[in-house]
Amino acid sequence: MSLDSMLPVAPARVRALVLPVGQIKQDRFSSFVQRLNEEHVVYLRDITADGRPNRNMFTPLAFPDGAMFYDLITHVPPPSHLSLAPFELFREPLALIAIADGRELENMAFSKRQSANGYAPTMAERNIRTLYQELEDLRDLHPKMLTHQVLIFDYAPHTDSTIPIPEGIKTIPPVENSKRTTIKTIMCDISSLLLAEMTTLAKSIEGKKAIESPGQAPTRAGMNGASSWTSDELHPTARRNSQFAVPSVSRSASSSSGGDRSQVRMSMPVPFKSLPFGSNSSTPSARPTTPVRSGLSNPPTTFDDIATVNGSTDATSPEPPSVRPGSAGGAKSTNQDKVSFQGFGPGGLNERHRNKGRGRVMILVGSLFLQAGRWTDALKELVEGATVAKSINDHLWHGKALELITVCLLLLGWVGLEFQVPTICLPTNDKAISSISKGPEAEEGDPNQPKHLRNFQNILPELLERIVGLYSRISGEQLPPLPLSESIIRFCCLLTSLHLGEGKLDKKSLERMVIGKLPTKPFSTTPRLDIAPTRAQITTLLFKAFPSSVPEVLTTVDRAIILSGISSILGSLGFHRKKAMVVRELVSVLIGGLVEARTRGAAEVGIHPAAGLVGLNAMNGHGNGAGALELGEGDIEHGIDAFLGLLCKTYGVVNFDDAAHGSTEDLRRLSDSDEKVISRIQSQSSARQFGINNIKLNILRACINFSEALPDFKGVLRFSSDLLRTAGSGVAPGPRREDAAPIITRDEQIRLVTNISKTSGLSQRLGLGHLSAEYWDEFLVRGITIDPLPPTRTPTSHPKTVLPGVTTARTSQDVNPFIYNPFIRAPDKEAVDRTLIAGETATFRITLQNPYEIDVDIESIKLDTEGAGLDSSITNTLIGPYRTQILKLTGTPKAAGSLKITGAIVKVRGCRERRFPIFPHQWAPDTATKIKGVGLAALEQNKKLPFPGPPLKPDSIGLSVIAAQPIVVIKSTSLFQSSVMILEGERQVFSVTLQNLSPTTPADLLLFSFQDSTQGPLQTALTARDATPAELYEYELILARKQALRLRKIDDSKRYIAPGGTATFDFEILGKPGLTNGTIQVDYAHLGMPQAEIKDEFHTRQVCLDLTITVNASVELARMDVLPVKGQVPKPIWARLGIEEVETESPLSDEEHCLLLLDLRNAWPSDMQVNLKAENGIMIQEHILPGNTNRIVVPVPRVFIDDPHASIPALNPSRQRQFVVSSSKITPEIERGNREAFWYREKILEKLTGSWKSLSGPARQGTIELRGLRLAPRMIEAIKIDEVGIDISIGDPQAQSSPQEGSTIYTDQFTQIKVVITNRMDEPIYPTLRLMPALCHRPPNVALDFTRKFAWNGTLQQSLPLIAARTSTEVVLGAMALCRGEFEISASVEETQLWKAPASTPPAAPRRERSETEIMMDAVLGAKERRIWHSRRPCRVCVRDGE
């Protein structure tokens, strides 16, 4: 059952005061009270009747179906409530229950004084006796309570000894030892005693002849035999529990007509001095009353009323109060006994007084029956009392009787008993009945509804309106505002339950009225005009309870109670905006009361009100705002936070998600997740488009004032941040700088931020570290980037295949320049920027935004990451107003793995440390067309629909963390300032020392790459489209064979640098033209495993050494020429060279050598010695003076090439896969000539090398660059050996020796001409021989006219058979000279036909079909044609006359 004080059945409750005794903790006391509250409904059938015959007036046996409803309170009701008794008996506690903790019985003594009942052997027994003594003190302190009980919870006595339990004390075992009926039995025992003692109270009421109304000044005690309701204070035994002895009590009454309000009932504990209530002293009465209205609002209608108003002197006063002479009041107060002579007999004044007293007594007795659960007896007494009150126009008590009758009928209907509506409750005329029932349809009603309930339902609205009319009627006695407003609120609660039940009084409606069971489904705000009573009728009646604005009429607590009840009813009806208006008024009332209480409390303790009083309960863990109001934790159902939060929600305030207010770190972390933040942004965006901004801001300012008045630090922080959040734009501005300024002034922003900062600082000093605000801008972090690492520390990823030990095309010492070198290329910038090294610090840039016109003080900020750990630095900063600001942070990865930066953890001064996601892109919600919506349902409906604005996606930075890597630097080098001077062709060796700075990680992988100034022009020349194949070959040869820098060969095991160690490596540098600078690049890494075991990839770092190189000329090749030599090289040439004649055996030709002439110039200012080496051990030394040019003649063996027209090769593997021809258009003859020149030049360079060394100055030596040789066609003819050799000789056929070339013959003698044809090729030929005799030293026309001078046998031209490859054949021709002289015989061999391999003969190797490449070669070199060869020199014959 709900403990709502505004339920319709509240007058049927029995109020019981629950107090702690002994040593007990607050949380355990609250749990014990909760256990009692679970059994606060006690049915009479379960109560044992008291056996005393004079205590059976309220025996439960008379009505077993009834029940008693207990209202357990832990505080004394305020005086304004106690003053309403006996008009409202349910406001005064009738029972006192003291709760003790059984666990504390054996811990320590509850009291230091010795027990009055003798020595106690154990601590528990001593404490039990102390509890009994405290029970006696409570009886003395609260004598008007009907029953006093001490309950010892969790009592577990020892089995070895039994402790006697005094009377009035009951023990309750722990929960685990208790039964389901344990607490129920305790409540039944208390109820039995209470019912028995209620007889005494009822008898005392019946003995009274006059009962005062609330707000009416009491008459003097004993006047006309009537006694005041509070006259029991003069005789405390009248209300004392009859089971116990009565101690003597003496009290002194007030001697002044203006007595202090502190003289209240002795059953009340002494009120707190700081309590802002009950300090009025408007009524000089011995009991507290509410302030009465002025005489104008309460005009006296009878003499008694006049006497009551003007004369109120206490009977115990020794002197009457001084009055103004001649006043009616003064004359009346001198002798009030004159009232008895105003009339007598039936209809007289005394008879009216007696009837009034008798009617009021019956109503009070009926009220006691109602509280005792005997509703049928209560109904009987109340009907009689109502009839009497109606007959004498006692309007207040008439209305009270009708109200209690209504409660009785509701309870009877709740238990299912049939009843008949009393006649006193029916309307006075049929017209009113018809207006209430709304026609015949309402009279018929639901056939399933009982008739008595339907009849009661029909008269209920009119009956309640009649009761309100009776309460509000102007007469001599007028009901104070508090009970009037509460009665109206209870009636509206009843009508609301009826309206929520579809206008039908049934079981569900009765449960809502009696038990307070809330509906399971939310109430629809759709107008329901066909349900009676309508919401408009209920609201009209409800606002009659709205309190007056006059502060003297109601206390702050009473005004707050009334406004709370009105707002609750409006919320149940779905009038949320009306409810918010009432709650706004409630906040204003509370602010005034709190400020007054704060000022009074500060004055009492001598503190200035501005010093800031702190609710100490908040320090003990009470975070719901109850501490500042001095309310117990059990008195707050939802708390001040929920109350103000509901008010803000009604107006559409942009607040923070409540999930972050949880006490656990998991809840806070969950509220900062990306999904929650996006949902919160969308929800806040919807709330910004709802309602009116100015109203929202005013509501938040009121909430801040309310929280400051408490003082509630948490509320100040919360609502200050909500005000900034509501005033903000809630957008992420882009480069166009959308208007993101807040809608409040800069001064107010500064004031709010300062308030947050001061409140948070004060909370920290007081130990309330958990109190903090929520930052008001979700787009604080707009971007996070990582600064690139220095080039020397940048890690570069490589696949496993680039390792030297993995691929055969790459060795560890030398790298082919034409093979792709991944270490020379520029690394992928994006991949490098997202790679970190474990244990090494990286720098991050965080972009923060502040769209407000205030400075944002960030106390701490660090990175938020996922995956591999990152130790982020923590720093602070100050963000200026309305700007974005970049902040640098450092972070150190802990271990290798994947790392993801998802945001930043920021602690703004005064705000909670929380995580902010990254929102790099601009964002603003779409401003939709505003459509009229009904109430808060429009906002909730918009939140359920998909968000209409642009998508909102937080960003993250994915990083890859690799294992710890070494840091290698160049410690030293043998070169002075990394510069060197060198001559062309010279090689110098220098050393470089590398040092590993890492103290723990070695460098076990060292790869060297080189770059120089000559590589760029060569690479450019290689890409030229007009370069010939010969030129490309030269470029590639220089790149591949003549590298400017290279590492001297070392063992791979030496490629290791220990942690903190050093290693020295030797390098060679070669002087080349155009070499001005070079770079040694060292790629190093720590693999930690053999190279073959690497799975996917590895990372390296680079360290570079830049060299400045100066290359000077040394020995240059100025000119060259090739001269043929007929026959052997003359001996003088060998003698000039200083060497002996070289013996060579060449089967190819008798002319083995040709002469190579080289002009060498010494360009270096020092003597040079040149050494030239040729084939067959030929070595020539020449001394060249500075600046001189010497010509050197070198005999060079002639060269035979099988295929001088072969394509020029390519050293670059990428060019070897394709057939590349010159891009320029040249004839096949020129192409063949170029190829011949290339191949013969290569043959010459293979057989000839040159070197030099200096003879003065520093010792230098190097090689001569001979690749500058260029061969003309004439030089080629001198060098080359033809494919077909023709040797001609002539001699005597009778001679035994072979014919001699250039021999002498005689005229008219037979001789033989022998021609030897040698095929030096790899394929056979079909030759045709042509002999051409001619006269020497004659012009051609004469030389060929030899037919009469030379005769031969046969033909000079003949076709010869096939000559196989690499074989020779002889042709002999008979001849005779006819005259003397000198003849020359020359010959030529021409291919008769092209040789083709026969089809029957399989090829030596499989040959694929003719490809496009061969067709292209035919196009370049021309189609293959028959060739012709001529004899290199003719055979000269000298003819003489015969002897």
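Residues numbered from 1 in each chain as written. Predicted model: local features only at pLDDT ≥ 70, side-chain atom pairs only at ≥ 80, totals over all residues. Heavy atoms only, no water.

Enquirer: Sorry if this is basic, but what is going on with the sheet that holds strand β31 (residues 1249–1254) here?
Expert: Remark on secondary structure: sheet strands pair via backbone hydrogen bonds, oriented parallel or antiparallel. One open sheet holds the four strands; their spatial order is β29-β28-β31-β32, and the pairing between them is antiparallel. Only two strands of the sheet have a single partner each, and these edge strands are β29 (1179–1184) and β32 (1261–1263). If you compare each strand with its neighbour and ignore which way they point, the axes differ by 20 degrees on average. Pairing of strand β28 (residues 1168–1173) with β31, which is carried by six bridges, proceeds in the antiparallel orientation. In the sheet register, Leu1172 faces β31, and the bridge partner there is Gly1250. (Pairing = 2+ DSSP bridges. Helix = DSSP H or I, 4+ residues; strand = E, 2+ residues; numbered from the N terminus. Axes fitted to C-alpha atoms, helices over the stretch in contact; angles between N-to-C directions.)

Enquirer: I tried to follow the packing of aromatic side chains on my own but got confused; where do I start?
Expert: Two measures describe an aromatic ring pair: the distance that separates the ring centres and the angle between the ring planes. As enumerated under the stated definition, the model contains 21 aromatic pairs in all. Ring centres 4.7 Å apart and planes at 10 degrees place the aromatic pair Phe32 and Phe153 in the stacked group. In this pair, Phe32 is assigned in helix α1 (residues 26–37) and Phe153 in strand β5 (residues 147–153), connecting sequence segments 121 residues apart. The same class applies to Phe32 as to Phe153, namely buried. (Phe/Tyr/Trp six-rings, centres within 6.5 Å; stacked < 30°, edge-to-face > 60°. Buried < 20%, exposed > 50% of the residue type's maximum accessible area, 1.4 Å probe, protein only.)

Enquirer: Got a minute to help me understand the nonpolar core in this structure?
Expert: Considering soluble globular proteins, one finds that nonpolar side chains tend to be buried as a cluster. Ranked by size, the top nonpolar core spans 184 residues in total, and within it Tyr70 and Leu411 carry the most contacts. If you look at the next biggest cluster of nonpolar residues, it comprises 41 residues, including Ile1178, Trp1252, Leu1266 and Ala1278. (Core = buried A, V, L, I, M, F, W, Y, C linked by side-chain atoms within 4.5 Å.)

Enquirer: What's the story with the packing of helix α12 (residues 451–472) against helix α13 (residues 481–500) in this structure? I'm lost.
Expert: Helix packing geometry: the angle between the two helix axes and the distance between the axes. Close contact between α12 and α13 brings their axes to 10 Å; oriented N to C, the two are set at 170 degrees. With respect to α13, the axis of α12 lies roughly antiparallel. Packed against α12, whose contacting residues are Gln457, Leu460, Pro461, Leu464, Ile467, Val468, Tyr471 and Ser472, the element α13 presents Leu484, Ser487, Ile488, Phe491, Leu494, Leu495 and Leu498 at the interface. Taken together, the residues of the contact of α12 with α13 break down into twelve nonpolar, three polar and no charged. (Parallel < 35°, antiparallel > 145°, perpendicular 65-115°, else oblique. Contact = heavy atoms within 4.5 Å. Nonpolar A, V, L, I, M, F, W, Y, C, P; charged D, E, K, R; others polar.)

Enquirer: Got a minute to help me understand the packing of helix α8 (residues 375–391) against helix α9 (residues 395–415) in this structure?
Expert: Contact pair α8 / α9: the axes reach a minimum separation of 9 Å and the direction vectors enclose 155 degrees. In terms of orientation, α8 and α9 fall into the roughly antiparallel class. As α8 runs across α9, the sense of the crossing is left-handed. Across from Trp375, Thr376, Ala378, Leu379, Leu382, Val383, Ala386, Ala389 and Lys390 in α8, the residues of α9 making contact are Trp397, His398, Ala401, Leu404, Ile405, Cys408, Leu409, Leu411, Leu412, Trp414 and Val415. When its residues are assigned to classes, the contact of α8 with α9 shows 17 nonpolar, two polar and one charged. (Left-handed = near helix turned anticlockwise from the far one by under 90°.)

Enquirer: I would appreciate a short explanation of the confidence of the model for the chain in the present structure.
Expert: It should be kept in mind that the predicted coordinates are not to be read in detail where pLDDT is low. Summing up the model confidence of the chain, the mean pLDDT is 78 and the portion of residues at 70 or higher is 76%. Predicted confidence for residues 610–638 stays below pLDDT 50, and this span has 42 contacts to residues more than four positions away or in other chains. (pLDDT = per-residue confidence, 0-100.)

Enquirer: Can you walk me through the pattern of salt bridges in this structure?
Expert: It is possible for side chains of opposite charge to pair when their charged atoms get near one another. Counted under the stated rule, the structure contains 65 salt bridges. Note that Arg1191 is salt-bridged to Asp1159, the shortest N-O span being 2.7 Å. One end of the pair, Arg1191, is in strand β30 (residues 1189–1197); the other, Asp1159, is in strand β27 (residues 1153–1162), and 32 residues separate them in sequence. For Asp1159, a relative accessible area of 3% translates into the label buried. Among the ionic contacts, a cluster of salt bridges with common partners joins Glu88, Arg91, Lys400, Glu403, Glu486 and Arg490. (Salt bridge = Lys/Arg side-chain N within 4 Å of Asp/Glu carboxyl O.)

Enquirer: What is the right way to look at helix α28 (residues 1029–1041) in this model?
Expert: The periodicity of an α-helix, 3.6 residues per turn, causes residues three or four positions apart to be oriented the same way. The end-to-end C-alpha separation of α28 is 17 Å, in line with the 18 Å expected for 13 residues at 1.5 Å each. Residues of α28 that are buried: Pro1029, Leu1032, Tyr1033, Glu1034, Glu1036, Leu1037 and Leu1039. (Expected span 1.5 Å × (residues − 1).)

Enquirer: What am I meant to see in the pairing of strand β1 (residues 13–20) here?
Expert: Looking down a regular strand, the side chains alternate between one sheet face and the other. Across the eight residues of β1, seven count as buried, placing the element largely inside the fold. As paired strands, β1 and strand β3 (residues 67–73) are joined by five bridges and run parallel to one another. Considered in β3, the bridge of Ala16 is made with Leu72. As judged from the five bridges shared by β1 and strand β4 (residues 95–101), these two strands associate in the parallel manner. Residue Pro20 lies in a different strand from β4, and its bridge partner there is Ile99.

Enquirer: Any chance you could explain the sheet that holds strand β12 (residues 870–872) here in plain terms?
Expert: Spatial ordering of the open sheet is given by β7-β10-β14-β12, a layout of four strands whose pairing is antiparallel. The outermost strands of the open sheet, each flanked by one partner alone, are β7 (781–786) and β12. Strand-to-strand twist of the sheet, defined as the mean angle between neighbouring strand axes without regard to direction, takes the value 30 degrees. In this structure, β7 lies alongside strand β10 (residues 842–850), joined through five bridges in antiparallel fashion. By the bridge assignment, Val781 is partnered in β10 with Leu848.

Enquirer: How do you make sense of helix α15 (residues 535–542) when you look at a structure like this?
Expert: Looking only at α15, the buried set comprises Arg535, Ile538, Thr539, Leu541 and Leu542. Within α15, the buried residues cover an arc of 165 degrees as seen down the axis, which keeps them to one side. (Arc of directions from axis to C-beta.)

Enquirer: Please explain the pairing of strand β23 (residues 1062–1070) as it appears in this structure.
Expert: In the sheet, strand β20 (residues 987–996) pairs with β23 via nine bridges, with the strands oriented antiparallel. Residue Ser991 lies in a different strand from β23, and its bridge partner there is Asp1066. Pairing of strand β22 (residues 1045–1047) with β23 involves three bridges; the strand directions are antiparallel. Note that in β23 the partner of Arg1046 across the bridge is Glu1068.

Enquirer: Looking at this model, I keep getting lost on the environment of Ala1027. Mind explaining?
Expert: The topology assignment puts Ala1027 in the loop between α27 (1015–1022) and α28. Judged by its relative accessible area of 9%, Ala1027 falls in the buried class. For Ala1027, the contacting residues outside a window of four places in its chain are Ala1021 and Leu1032.

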